[in-house]
Amino acid sequence: MAGKGVMLVTGGAGYVGSHTIIQLLNNNYSVVAIDNLINCYAEKNKKPESLRRVEEITNKKVIFYNVDIKDRAALEKVFKAHKFDCVIHFAALKAVGESVQIPLTYYQNNIAGSSTLFEVMRDNNVKNIVFSSSATVYGIPQFLPLTEEHPTGQGCTNPYGKTKYFVEEILKDVCTSDPEWKVILLRYFNPVGAHESGMIGEDPSGIPNNLMPYISQVAVGRREKLLIYGDDYDTPDGTGVRDYIHITDLAIGHVNALNKINESGFKGCRAYNLGTGKGYSVMDMVQAFSKVSGKDIKYEVVGRREGDVASSYADAQLARDELNWVATKGILDMCRDTWKWQVKNPKGFQGT
């Protein structure tokens with residue numbers, strides 16, 4: 001499959017999807033992307049701007065369909081038009097805070113949509129999948145760093161994390177029922193940064209839910225100040241600690257996962273953490289971004305956000321051992337590339 005496979009990438013126009021497609025194309029995979037455009041910018045009847053730029057960066061083509069994973073008939077058409085070797089499944093609603101407010105929407109989209117996708121895969125005999133999961137499946141950490149052996153589904157603090165846990169369980173059950181399925185679950189920690197070209201990056205619509213785009217929008221003058229949700233956690237400076245991973249490192253992890261699935265001895269379902277193994281606080285990130293950008297980042301401490309945990313960081317040794325993957329970029333790289341993207345695109349993709 002390596003160098004010749006055809007990949008279906010769901011949620012391909014989003015932040016992680018678009019950066020992963022660059023790595024797939026650079027490794028000579030063919031890519032078909034689907035997206036319902038709910039989390040990305042696209043002009044009417046045009047290819048999403050993120051994918052247009054991916055084509056510019058790689059000088060290769062991405063086939064794109066505006067398809068929602070809940071739409072079985074539309075998915076069937078895509079599967080009939082192409083012979084896929086593997087699916088990389090990113091498509092999901094993904095904001096922790098929002099999921100607490102509208103849980104039914106999250107369950108319908110992330111769980112029912114995924115189940116529909118898996119049924120269409122089965123019906124078309126496509127049984128290889130890399131699933132975009134999350135460290136939120138671990139819930140409130142019982143120990144740190146988090147290994148893949150840490151219990152999942154116990155004490156998940158928000159509906160978003162529960163949807164990732166439930167989809168993992170669905171895929172495990174599918175593998176138990178049919179030994180032809182090959183599944184890798186990639187449990188991301190906190191993806192940040194942007195492609196080194198500054199041409200694509202994280203472009204949330206509305207007020208950012210994630211820290212890094214919020215900081216960068218304050219630095220570029222789009223927002224007045226950063227809201228820090230709580231400074232009374234049991235952490236060194238009281239602010240939440242997370243394992244931030246550069247988006248390019250994360251994207252490369254998906255290529256390594258494909259290599260693993262393609263090994264002759266691989267079978268069943270395997271989970272891997274993708275993180276750096278280092279935890280940084282919100283204030284660490286603010287200070288690093290200020291250093292890289294030369295900007296003073298105004299902030300205000302407000303109450304804790306529902307569904308957040310104090311600390312979460314990875315033990316990524318299993319990915320090193322079995323996927324031959326390790327994160328290579330540090331906190332300053334993450335901030336530098338985010339700032340380059342923001343300066344070149346102060347209004348995100350809509351500024352074009």
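Everything numeric here is computed off the predicted structure, so don't read it as measured data. (Residues numbered from 1 in each chain as written. Predicted model: local features only at pLDDT ≥ 70, side-chain atom pairs only at ≥ 80, totals over all residues. Heavy atoms only, no water.)

### Let's talk about the packing of helix H3 (residues 72-81) against helix H5 (residues 103-123)
Part 1 of the argument: Following both chains from N to C, one finds H3 and H5 inclined at 35°, their axes separated by 10 Å at the closest point. Here H3 and H5 pass one another in a crossing that is right-handed. Residues Arg72, Leu75, Glu76 and Phe79 of H3 lie in contact with H5, whose contacting residues are Thr116, Leu117, Glu119, Val120, Met121 and Asp123.
Part 2 of the argument: Among the residues making up the contact of H3 with H5, the classes are represented as five nonpolar, one polar and four charged. (Axes fitted to C-alpha atoms, helices over the stretch in contact; angles between N-to-C directions. Helix = DSSP H or I, 4+ residues; strand = E, 2+ residues; numbered from the N terminus. Left-handed = near helix turned anticlockwise from the far one by under 90°. Contact = heavy atoms within 4.5 Å. Nonpolar A, V, L, I, M, F, W, Y, C, P; charged D, E, K, R; others polar.)

### Some remarks on the UniProt feature "domain: NAD(P)-binding" (unreviewed entry) in the protein
Part 1 of the argument: In the numbering adopted here, UniProt assigns the feature "domain: NAD(P)-binding" (unreviewed entry) to residues 8-338.
Part 2 of the argument: For residues 8-338, helix accounts for 39% and strand for 18%, while the C-alpha atoms at its two ends are 27 Å apart. (UniProt positions renumbered as here; feature names shortened; annotations may be inferred.)

### So, the pattern of salt bridges
Part 1 of the argument: Within the structure shown, the criterion is met by 20 salt bridges.
Part 2 of the argument: Lysine 61 serves as the salt-bridge partner of glutamate 55, at 3.9 Å between the closest nitrogen and oxygen.
Part 3 of the argument: Classification of glutamate 55 as buried rests on a relative accessible area of 11%.
Part 4 of the argument: Residue classification places lysine 61 among the exposed residues on the basis of a relative accessible area of 66%.
Part 5 of the argument: Taken together, the salt bridges that share partners define one network made up of Glu49, Arg52, Arg53 and Glu56. (Salt bridge = Lys/Arg side-chain N within 4 Å of Asp/Glu carboxyl O. Buried < 20%, exposed > 50% of the residue type's maximum accessible area, 1.4 Å probe, protein only.)

### What about unusual backbone geometry?
Part 1 of the argument: Note that the residue after leucine 144, namely proline 145, is joined by a cis bond; omega there is -5°.
Part 2 of the argument: Within the secondary structure layout, proline 145 lies in the loop between strand S5 (128-134) and helix H6 (159-177).
Part 3 of the argument: One non-glycine residue, asparagine 59, lies in the positive phi region at around 60°.
Part 4 of the argument: Mapped onto the secondary structure, asparagine 59 falls in the loop between helix H2 (49-58) and strand S3 (63-66).
Part 5 of the argument: Although it is not a glycine, asparagine 125 sits at a positive phi angle of roughly 60°.
Part 6 of the argument: Assignment of secondary structure puts asparagine 125 in the loop between H5 and S5.

### Section: the sheet that holds strand S1 (residues 6-10)
Part 1 of the argument: A sheet is described by the order of its strands in space; here seven strands give the open sequence S3-S2-S1-S4-S5-S6-S11, paired in parallel fashion. Each having just a single partner strand, S3 and strand S11 (268-274) make up the two edges of the open sheet. For this sheet the average axis-to-axis angle between neighbouring strands, irrespective of direction, equals 20°.
Part 2 of the argument: Note: S1 against strand S4 (residues 86-89), four bridges, orientation parallel. Bridging across to S4, threonine 10 finds its partner in histidine 89.
Part 3 of the argument: Relative to S4, H5 is tilted by about 175°, and along the sheet it contacts S1, S4 and S5. (Pairing = 2+ DSSP bridges.)

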